[in-house]
Amino acid sequence: MATVDDSGFLALDTVTPLHWAGVLLAAISGLLHLAFAPGLLPGGLGIGFVVAGVGFLVGGAAVLANYRRTQLYLLGIPFTLGQIVLWYLVNAPNFSTFGLVDKTAQILFVAVVAVLYSRER
């Protein structure tokens with residue numbers, strides 16, 4: 001559960017630099033997905049982009065709140081790996097700069113989350 005200080009704000013005393021790296025990478029991917037979602041809506045791909053974007057941002061916020069971190073790590077790894085595989089299958093061999101930036105952030109995210117899981121379980 002999250003810890004709260006006397007002023008009512010979340011205490012971030014349990015957040016390490018590695019947590020911050022994971023949150024930053026999740027935010028990059030989440031914001032990229034939300035930025036491109038409007039051009040793809042109302043179709044299924046646009047809805048998928050919204051779900052992915054919100055998922056990354058909410059997951060990052062939950063990690064900062066120290067809410068069920070190990071469960072989030074276990075959910076975040078296959079969630080992200082699935083996106084990478086789907087992206088490759090849909091886009092190969094025509095990869096956009098957006099896609100390459102996003103997938104680089106996601107690969108790094110998976111590595112960070114795997115290390116965090118191995119340290120905190």
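Structural data are supplied above this passage.
Nothing here was measured: the structure is a model prediction, and the numbers come from that model.

Parameters and conventions
- Residues numbered from 1 in each chain as written.
- Predicted model: local features only at pLDDT ≥ 70, side-chain atom pairs only at ≥ 80, totals over all residues.
- Heavy atoms only, no water.
- Helix = DSSP H or I, 4+ residues; strand = E, 2+ residues; numbered from the N terminus.
- Rg over C-alpha atoms; globule rule 2.2 N^0.38 Å.
- Buried < 20%, exposed > 50% of the residue type's maximum accessible area, 1.4 Å probe, protein only.
- Contact = heavy atoms within 4.5 Å.
- Lys, Arg positive; Asp, Glu negative; His and termini not counted.
- Charge placed at Lys NZ, Arg CZ, Asp CG, Glu CD.
- Patch = residues over 30% accessible without salt bridge, like charges linked within 9 Å, V, L, I, M, F, W, Y side chains within 5 Å.
- Areas by Shrake-Rupley, 256 points an atom, 1.4 Å probe, with all protein chains shown as cover.
- Salt bridge = Lys/Arg side-chain N within 4 Å of Asp/Glu carboxyl O.
- Core = buried A, V, L, I, M, F, W, Y, C linked by side-chain atoms within 4.5 Å.
- Expected span 1.5 Å × (residues − 1).
- Arc of directions from axis to C-beta.

For the protein chain, the helix and strand inventory stands at 4 helices and 0 strands. The order of helices and strands in the protein chain, counted from the N terminus, is α-α-α-α. Its C-alpha radius of gyration of 15 Å places the protein chain within 12% of the 14 Å reference for a compact globule of 121 residues. In terms of overall dimensions, the protein chain has a C-alpha envelope of 50 × 30 × 20 Å along the principal axes. Counting every position in the protein chain, which comprises 121 residues, the buried fraction comes to 34%. Long-range pairs, those at least 24 residues apart, make up 64% of the contacts in the protein chain with a sequence separation of at least 6. When the 5 basic and 5 acidic side-chain charges of the protein chain are each reduced to a single mean position, those positions are 14 Å apart.

What follows deals with a nonpolar patch on the surface. On the surface, Val 85, Leu 86, Tyr 88, Leu 89, Val 90, Phe 95 and Leu 100 cluster together to form a nonpolar patch covering roughly 710 Å² of accessible area. For the nonpolar patch, the element with the highest residue contribution is helix α3 (residues 69-91), accounting for 5 residues. Of the residues examined, Phe 95 reaches a relative accessible area of 31% and is grouped as partly exposed.

What follows concerns the nonpolar core. Here is a general trend for soluble globular proteins: nonpolar side chains tend to be buried in one another's company. The biggest cluster of nonpolar side chains holds 15 residues, and the ones touching the most others in it are Leu 25, Tyr 73, Phe 109 and Val 113. The set of elements that each furnish at least two residues to this core consists of α1 (17-36), α2 (44-64), α3 and α4 (97-120). At 6 residues, the largest contribution of residues to this core is made by α4. Each residue touching Leu 25, except ones within four places of it in the same chain, is listed here: Ala 105, Leu 108, Phe 109 and Val 112.

In an α-helix, one full turn covers 3.6 residues, which means residues spaced three or four apart are oriented alike. Taking 1.5 Å as the rise per residue, α1 with 20 residues should run 28 Å; its terminal C-alpha atoms sit 29 Å apart, in good agreement. Among the residues making up α1, those that are buried are His 19, Gly 22, Val 23, Leu 25, Ala 26, Ser 29, Gly 30 and His 33. One side of α1 holds all its buried residues, which, seen down the axis, span an arc of 165°. For α1, exposure combined with an orientation more than 90 degrees from the buried face picks out Pro 17, Leu 24, Leu 31 and Ala 35. Those residues of α1 that are buried lie in contact with α2, α3 and α4.

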